[in-house]
Amino acid sequence: MNRKSLTLTAVTLVLVTFGLGLLPVLPAASAEAPGSWTATTSYPVYMYGSSCATDGSYMYCVGGYGVGPINSVYSAPISSSGIGTWTNQTNSYPTNAYLPSCAIAGGYIYCVGGLIAASTLTNAVYYAQLTSGTVGTWKSGTDYPTNVEALSCVISGGYITCVAGLTFPATISTITNAVYYAPVSSSGVGAWSSTINYPFTDNLDTCSVSGSYIFCMGGEYNMSRGFSTGDVYSDTLSSGAVGATWSNTTAYPVHVESGAATCATSGGYMYCVDGFGSTGAMVNYASISGGTLGAWTAAPEYPMFVSVNQVVISGDYIYGVGGQTSNAFYAQISGPVTSSSSSSSSTSSTSSTSTSSTSSASASTSSTSSASSTSSSSSSTSTTSSTSTSISTPPASTSSTSSSTASTTSSTSTTTVGIGVPEFSYGGVAFLVFLVAMLSLVLVVRKIRIGRSGNGPMPLS
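Residues numbered from 1 in each chain as written. Predicted model: local features only at pLDDT ≥ 70, side-chain atom pairs only at ≥ 80, totals over all residues. Heavy atoms only, no water.

1. Describing the overall build of the protein chain
Each helix and strand counted, the protein chain has two helices and 35 strands in total. Residues counted as buried form 55% of the 461 residues belonging to the protein chain. Of all intrachain contacts in the protein chain linking residues separated by at least 6 positions in sequence, the fraction that spans at least 24 positions is 61%. Element-wise, carbon and sulfur atoms account for 56% of the exposed surface of the protein chain, whose accessible area totals about 17400 Å². (Helix = DSSP H or I, 4+ residues; strand = E, 2+ residues; numbered from the N terminus. Buried < 20%, exposed > 50% of the residue type's maximum accessible area, 1.4 Å probe, protein only. Contact = heavy atoms within 4.5 Å. Areas by Shrake-Rupley, 256 points an atom, 1.4 Å probe, with all protein chains shown as cover.)

Here's what the structure looks like:
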């Protein structure tokens, strides 16, 4: 190889190394950020305090609040075209229920608690079989250990786990941090057992599952943290029981009051629609690594201000319904989304849920994991509130609160991040290539110097 060829080789190596070194700073194609939201089939009635879940092909919503707690059950198909026609199920819920918590697994829907009348909570647990968008006859499961509303339940590995909640309406002192779990199957819900309490008393938090971990975010009436919180805690799940210690992970960008946020997990990411943004509801997402969340990243805002809206994820799409309105929207999650859940049961797949409403993954579709949230509206930046009414007392008006922004989609640009590969891996690869290139360059320069010194002819390649 002559001197010119050696010099060109050295320059090429340097340029390649420089290009690889830019990988950590150049924006990569995003494989997890939601796109802009598109309006889809509205819910048949004003939605407030319902609980929605998905089996991957259909979305099911239970209860809520009209002129009082209601027992309506609606279902609709979901696809890449959005939400299809809603069907009012013949088999209504056995009781009125405001702020129950429902989850789906193995072809069955399971619902826990709720406000059934003024100042009256229930500990009733019901379940029903699901068949292609149709809800079968509701049957009773083992009663929950206490009357409760605004709790957050998830299903994983054949067990349902429920976190915190309100055990009596309108009384801050009755907010609980209790966590209970029970086996679920086609035979119903088994006996409940207590496990490690949540770190603080809370209700209206939004919980979801990723792999073998449960994540819970936000909530209100946290006596040790003021009125509301953006804290996120995670723990392991093993046969329904949580581990010995709840771990504090990356906090949400703002405190979340009155159940104004709803979250879902899928494909190794957690997505949250948070009540109020600049033009609509804020949307943020974070990567999941084990029991740890990465940094939160802003996505296009939801098209309108919402509270108590329901969110589920199926395949490559995220769907939002209601939130003191009947409007519904959906958005694509860029790139393929695979299941972030694991299940040790042949009849139950991981589900993820939230306070007044929950969601879950179907046993037949491993790509689904979803969650939803609950109760009254709040400012996206406020950390305290002195005017919010009790979450167990819904607003007097039940008229639709949809705004002129309901039919529009957000134009906020998506912040792109990596494609699921940790940033340090790019830097590590670039560093190794840099070392190889520098070593090669040293050898090339040495050969050039040897040739110039006349110590011998340059070796030919």
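2. A look at unusual backbone geometry
Peptide bonds are trans in most cases, and residues, glycine excluded, mostly fall at negative phi. With phi around 60°, Ala-150 is a residue other than glycine that occupies positive phi space. With respect to the helices and strands, the residue Ala-150 is situated in the loop between β13 (139–140) and β14 (152–156). Phi at Gln-324 is positive, roughly 60°, even though this residue is not glycine. Residue classification places Gln-324 among the buried residues on the basis of a relative accessible area of 14%.

3. Some remarks on the state of the cysteines
Taken as a whole, this structure holds five disulfides when the rule is applied. Paired by a disulfide, Cys-102 and Cys-111 hold their sulfur atoms 2.2 Å apart. A torsion of 110° about the S-S bond marks the disulfide between Cys-102 and Cys-111 as right-handed. For the pair shown, Cys-102 and Cys-111 are each scored as buried. (Disulfide = S-S within 2.5 Å.)

4. Focus: the nonpolar core
Grouped together as the largest cluster of nonpolar side chains are 19 residues, with contacts concentrated most on Trp-37, Tyr-271, Val-273, Tyr-302 and Ile-318. Contributions of two or more residues to this core are made by β27 (269–274), β28 (281–289), β30 (297–302), β31 (310–314) and β33 (328–332). Not counting the four nearest positions on each side in its chain, Ile-318 is found in contact with Trp-37, Tyr-271, Val-311, Val-312, Ile-313, Phe-329, Tyr-330, Ala-331 and Ile-333. Grouped together as the second largest cluster of nonpolar side chains are 18 residues, Ala-105, Tyr-110, Val-112 and Val-148 included. (Core = buried A, V, L, I, M, F, W, Y, C linked by side-chain atoms within 4.5 Å.)

5. A few points about the environment of Gly-267
Looking at the element boundaries, Gly-267 is found in the loop between β26 (261–266) and β27. Residues Gly-267 and Glu-32, spaced 235 residues apart in sequence, show a C-alpha to C-alpha distance of 8.0 Å.

6. Here we look at the packing of aromatic side chains
Where two aromatic rings form a pair, the distance of their centres and the angle of their planes describe that pair. Summed over the entire model, instances satisfying the criterion amount to 26 aromatic pairs. A connected cluster of aromatic rings, assembled from ring pairs, spans Tyr-46, Tyr-48, Tyr-65 and Tyr-98. (Phe/Tyr/Trp six-rings, centres within 6.5 Å; stacked < 30°, edge-to-face > 60°.)

7. A closer look at the confidence of the model for the protein chain
Per-chain confidence: the protein chain averages 75 in pLDDT, with 62% of residues scoring 70 or above. For residues 335–392, every residue scores under 50 in pLDDT, and the model assigns this stretch 284 contacts once sequence neighbours within four places are set aside. In the model, residues 454–461 has pLDDT below 50 throughout and makes 11 contacts with residues more than four positions away in sequence or in other chains. (pLDDT = per-residue confidence, 0-100.)

8. Let's talk about the pairing of β27
When a strand is regular, its side chains alternate between the sheet's two faces. Burial analysis of β27 places six of its six residues in the buried class, which makes it a mostly covered element. Neither face of β27 is left uncovered, since the one carrying Tyr-269, Tyr-271 and Val-273 and the one carrying Met-270, Cys-272 and Asp-274 both have all their residues buried. Relative to β27, β26 runs antiparallel, the two being bridged by six bridges. Within β27, the residue paired with Cys-263 across the bridge is Cys-272. Counting the residues that bridge the hairpin from β26 to β27 gives two residues, and of these Gly-267 lies at a positive phi of roughly 60°. Note that β27 and β28 share six bridges and pair antiparallel. Directly across from Tyr-269, in β28, lies its bridge partner Ser-287. (Pairing = 2+ DSSP bridges.)

9. Some remarks on the environment of Gly-158
Along the polypeptide, Gly-158 turns up in the loop between β14 and β15 (159–166). Along the primary structure Gly-158 and Ala-182 are separated by 24 residues, whereas in three dimensions their C-alpha atoms are 8.7 Å apart.

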